[in-house]
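Residues per chain are reported as follows:
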Amino acid sequence: MDTTYKIISKADLPDFFEELSRVAAIRQPHMTVQLLQDEVVLEGPFVCYANTGPFAAFDVHIRLGVGFPVQEPIVKETSGRIPREIDRHMYNSERCCLGIWWHWLWKNPEANFESFLSG
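Residues numbered from 1 in each chain as written. Predicted model: local features only at pLDDT ≥ 70, side-chain atom pairs only at ≥ 80, totals over all residues. Heavy atoms only, no water.

## Overview of the nonpolar core
Nonpolar side chains in soluble globular proteins tend to end up buried together.
Turning to step 1, where the next piece is worked out: If you look at the biggest cluster of nonpolar residues, it comprises 29 residues, and the most contacted ones within it are Leu42, Leu64 and Phe116.
Turning to step 2, where the next piece is worked out: Where this core is concerned, the elements lending two or more residues are helix H1 (13–27), strand S2 (39–50), strand S3 (53–65), helix H2 (101–107) and helix H3 (113–118).
Turning to step 3, where the next piece is worked out: In terms of residues, this core owes the most to one element, H1, which gives 6 residues.
Turning to step 4, where the next piece is worked out: Sequence-distant contacts of Phe116, that is, excluding residues within four places in its chain, are made with Ile62, Leu64, Phe68, Pro73, Val75, Leu98, Trp101 and Trp104. (Core = buried A, V, L, I, M, F, W, Y, C linked by side-chain atoms within 4.5 Å. Buried < 20%, exposed > 50% of the residue type's maximum accessible area, 1.4 Å probe, protein only. Helix = DSSP H or I, 4+ residues; strand = E, 2+ residues; numbered from the N terminus. Contact = heavy atoms within 4.5 Å.)

## Regarding the sheet that holds strand S4 (residues 74–77)
Turning to step 1, where the next piece is worked out: Judged by pairing direction, the sheet is antiparallel, and its 4 strands sit side by side in the order S1-S2-S3-S4 without closing on themselves. Lying at the two open borders of the sheet, with one neighbouring strand each, are strand S1 (32–36) and S4. With direction set aside, neighbouring strand axes in the sheet form an average angle of 30°.
Turning to step 2, where the next piece is worked out: Examined bridge by bridge, S1 and S2 share 5 bridges and lie antiparallel to one another. Among the inter-strand pairings, Thr32 is bridged to a residue of S2, identified as Glu43. (Pairing = 2+ DSSP bridges. Axes fitted to C-alpha atoms, helices over the stretch in contact; angles between N-to-C directions.)

## Quick notes on the pattern of salt bridges
When charged atoms on two side chains of opposite charge get close, those side chains can pair.
Turning to step 1, where the next piece is worked out: All chains considered together, the criterion is met by 4 salt bridges.
Turning to step 2, where the next piece is worked out: Between Lys10 and Asp38 there is a salt bridge, with the nearest N and O atoms lying 2.6 Å from each other. With Lys10 in the segment before H1 and Asp38 in the loop between S1 and S2, this residue pair connects regions lying 28 residues apart in the sequence.
Turning to step 3, where the next piece is worked out: The exposure class of Lys10 is exposed, given its relative accessible area of 56%.
Turning to step 4, where the next piece is worked out: In this structure, Glu114 engages Arg27 in a salt bridge whose closest nitrogen and oxygen atoms are separated by 3.5 Å. Here Glu114, found in helix H3, pairs with Arg27, found in helix H1; they are 87 residues apart in sequence, far enough to count as distant.
Turning to step 5, where the next piece is worked out: Take Arg27: its relative accessible area is 28%, and that puts it in the partly exposed class. (Salt bridge = Lys/Arg side-chain N within 4 Å of Asp/Glu carboxyl O.)

Following this line, the structure appears as structure tokens:
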């Protein structure tokens, strides 16, 4: 399997910001997107969908920066709705466990922000 990723550099951040803004407007339209120094930050309600439509929403803060997708994003659930227990994939720091990042990369050889949102 070819795993040649487009790794985001500091020079790529403006284009990366535009891509994230476009994708978020379609996939998570209630979230705000900001370019802050060396990262793009998304905040707001992250809506979870099933085949029948939306079933839950969680307030999140997502940071994607230089090095994405090899560098794992930081995702925090900010409203405290999810108990801070490792069995719930939550750390005490509000940070969400995204699984084994390298495994996700291996399963997503064309890893980008849209595929990240899809899981």
